[in-house]
Amino acid sequence: MNDNGRYEFYAPMAAIDTGSEGIIRLAVGGGDNIAKSRYMVIDKTEGLHTTTTETCQSCHVDYAASKLKHPSYTAINTDGETDLVAGCMVCHGNVVRDDGGYARNSMQKIGHINHQKFEKDFDVANCYTCHAEPVTNVYSMNTCTDCHDAAGSGSTNVAMTYSGFNESDDVRLFHKKVMERAQLREDHYTTTSAPFIDNSLEWEDHPQGGWCTTVSLFNTAGETEQQLNIGEMYAAKTLTYAGAYIHGYYNESLVGRPSPRGAEQYIENKDGSRSVCYPHLDGLDSDYRLADLVASTRVTFKQADDDGGYDGVSFTSYSDAVDHSGVKTQDYERRHSVTANSCTTCHNNETNYHKNGSYNEGGLDCVACHNNGQDRSGMRTVAMDAFETDAKRIEAGYVIPALSSGVQVGWKANSAPGFGPLIHGMHWGTQTVLGSELDSKGNENLTTNSAIKLNAENCVSCHADGIELYAIPNQFIRAKAFHGGDNTKMASPITANCFACHNDEQALNHMVQQGGSIDEEVVADWYTQPTSESCATCHAEGKSYGIEKFHVFERME
């Protein structure tokens, strides 16, 4: 101990001198009788790693509190801030055990190879996800070849590229596919007109007239914005989809879809826009008699597949609301409590989930189908051989045949209704199972999605601004997803969202005692009926049992 009361530690290491570069990590205490401090990174070489704590914890949020490997080794710096990457690299450096290093996995392997197991729309070649700054230093060619080999993309040309690499190059720019899709998205947008009546429409099987909406596509890459011709681009197969729906709209929520499926016709307008028209709208005098009307449109740029519903680059936009005469009543608004990048942080390949619905803008595309009134089952589909036995498949809820052209191609399982409950259920709750596999002892175990490995209580991943329970519309959600396809049921909104994760009998009983429900009977004008749930009384933010006491809405420093 020095005169000033500070301790100095000496740890002589062979072949290390004051000019050596690397990481100095320190922990005080330990053993059976002395408490141990957190690992602290005292010093590290500048530019040693090209990722950051922030990029890792954009998904992992707080690795130290996780149930993944070695969370107790999460290090802090001298300011008390998490220094995740440097702490990991003390063991998982650039040299693996077989070559004289400490750990079997290098940091490059953990980042580049292990993350390829992420099962849905994650592209490890989107370097910008983890490398926010230019990457101008590559430790060895193995960094490249290991990743290419693991991805099955071949590494024949990698050596030539690596030999031509110099320190002024940014390695991220060699991986262009995702960036090209991102640029396509940045350079375009669509607009959707409010639904309007066109009495001049002619139909073979219907009276003259009908309802339409018009979608327009714009390119902003040049100095002057340019409207593009949807009809010509569709004929040239540059676009694979350009369609529309008309929705019922009440209390700033979508409450169903009166536009009849498959009955539409397309009109290519002189300015390049496309009008999508229907001979009639169903239920205007019954199901939607108290609802306004809103249109949504989707336009998809072709990528590899002829049907770009999955791999295309799609744009969705919504229109103003009108009454049944076509007169505007209000701008389109919908409460959306997730951040714009909440989906694309993990689903980073700039494609669609399915049916031309992209991950951008926090899943706003998805709301066109998964809303209060569309009453979707939110099904997850797996392959015919996803489970080792039928018993495990049935246990996991996969009992609905998935058909294609009348032939069964897989199995489906219900998830949760609406948008919020669906996302909760598919990631952490009612339907996280993807199949099963046998372990070394022959036991059959369920396999789950990647999200289940993250801490479900880290709501900040999507809800960066928290949740205001009092702001949730007091309006039911059609809920056949909770009832095996029974479309006569509806659920109160907070209960539906909570039950999608907290789905045991005890949790549901608590919700029901506070006025919540998942099995109310659907009645006429159901979307106008108030619910009785009083969850916010105790669980609103700031209350004694506020939601933030049990869920994380702030990121760790």
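Structure shown above.
Residues numbered from 1 in each chain as written. Predicted model: local features only at pLDDT ≥ 70, side-chain atom pairs only at ≥ 80, totals over all residues. Heavy atoms only, no water.

*Asks:* Any chance you could explain the overall build of the protein here in plain terms?
*Replies:* When helices and strands are counted, the protein shows twelve helices and 24 strands. In summary, the protein has a C-alpha radius of gyration of 27 Å against a globular reference of 24 Å for 557 residues, a match within 12%. When burial is assessed residue by residue, the protein has 43% of its 557 residues classed as buried. Counted over contacts in the protein with a minimum sequence separation of 6, partners at least 24 positions apart contribute 63%. On the protein, roughly 29800 Å² of surface is accessible, and the fraction owed to carbon and sulfur atoms is 49%. (Helix = DSSP H or I, 4+ residues; strand = E, 2+ residues; numbered from the N terminus. Rg over C-alpha atoms; globule rule 2.2 N^0.38 Å. Buried < 20%, exposed > 50% of the residue type's maximum accessible area, 1.4 Å probe, protein only. Contact = heavy atoms within 4.5 Å. Areas by Shrake-Rupley, 256 points an atom, 1.4 Å probe, with all protein chains shown as cover.)

*Asks:* Is there a simple way to think about the pattern of salt bridges in this case?
*Replies:* One side chain can pair with another of opposite charge once the charged atoms of both are near each other. Counted by the stated rule, this structure contains 15 salt bridges. In this structure, the salt-bridge partner of Arg478 is Asp375, at a minimum N-O distance of 3.8 Å. Of this pair, Arg478 sits in strand β22 (residues 477-478) while Asp375 is found in the loop between β16 (357-358) and β17 (380-383), placing the two residues 103 residues apart along the sequence. In this pair, the class of Arg478 matches that of Asp375, namely buried. (Salt bridge = Lys/Arg side-chain N within 4 Å of Asp/Glu carboxyl O.)

*Asks:* It is not clear to me how a positive patch on the surface should be interpreted in this structure. Could you clarify?
*Replies:* Together, Lys69, Lys109, Lys117 and Lys453 make up a region of like positive charge exposed at the surface. Relative to the elements of secondary structure, Lys109 occurs in helix α3 (residues 107-113). Judged by relative accessible area, Lys109 falls into the partly exposed class, the value being 32%. (Patch = residues over 30% accessible without salt bridge, like charges linked within 9 Å, V, L, I, M, F, W, Y side chains within 5 Å. Lys, Arg positive; Asp, Glu negative; His and termini not counted. Charge placed at Lys NZ, Arg CZ, Asp CG, Glu CD.)

*Asks:* I tried to follow the packing of aromatic side chains on my own but got confused; where do I start?
*Replies:* The relation between two aromatic rings is expressed through the spacing of the ring centres and the mutual angle of the planes. Throughout the structure, instances matching the rule amount to eleven aromatic pairs. Taken together through their ring pairs, the aromatic side chains of Tyr249, Tyr318 and Tyr332 make up a single cluster. For the cation-ring pair, Lys120 lies above Tyr353, with the distance from its terminal atom to the ring centre recorded as 4.9 Å. (Phe/Tyr/Trp six-rings, centres within 6.5 Å; stacked < 30°, edge-to-face > 60°. Lys NZ or Arg CZ within 6 Å of the ring centre and 35° of its normal.)

*Asks:* Any chance you could explain the state of the cysteines here in plain terms?
*Replies:* As used in these notes, a disulfide is a covalent bond between sulfur atoms, one from each of two cysteines. Here the structure, examined in full by the defined rule, presents one disulfide. A disulfide bridge connects Cys212 with Cys277, and the sulfur atoms are separated by 2.1 Å. Handedness here is read from the sign of the S-S torsion; for Cys212 and Cys277, about 110°, the answer is right-handed. With Cys212 in strand β5 (residues 211-219) and Cys277 in strand β10 (residues 274-278), this pair connects stretches of sequence that are 65 residues apart. (Disulfide = S-S within 2.5 Å.)

*Asks:* Looking at this model, I keep getting lost on a negative patch on the surface. Mind explaining?
*Replies:* A cluster of like negative charges, contributed by Asp385, Glu388, Glu437 and Asp439, occupies part of the molecular surface. Locating Asp385 in the fold gives a position in the loop between β17 and α8 (390-395).

*Asks:* Looking at this structure, how should I read the environment of Lys44?
*Replies:* In this fold, Lys44 is placed in strand β2 (residues 40-44). Expressed as a C-alpha distance, the spacing of Lys44 and Ile24, which sit 20 residues apart in the sequence, is 6.2 Å. Excluding anything up to four places from it in sequence, Lys44 contacts Gly22, Ile23, His49, Asp83 and Ala86. In this structure the side chain of Lys44 is engaged in a polar contact, spanning 3.0 Å, whose partner is the side chain of His49. (Polar contact = N/O pair within 3.5 Å; in protein donor to acceptor, adjacent residues only side chain to side chain.)

*Asks:* What is the right way to look at the sheet that holds strand β24 (residues 520-521) in this model?
*Replies:* Within a sheet, adjacent strands bond to each other through the backbone by hydrogen bonds, running parallel or antiparallel. Strands sit in the order β22-β23-β24 across an open sheet of three strands; the sheet is antiparallel. With partners counted over all chains shown, the strands left at the sheet margins are β22 and β24, one partner each. Across two bridges, the pairing between strand β23 (residues 489-491) and β24 is antiparallel. Counted as the bridge partner of Met490 is Glu520 from β24. (Pairing = 2+ DSSP bridges.)

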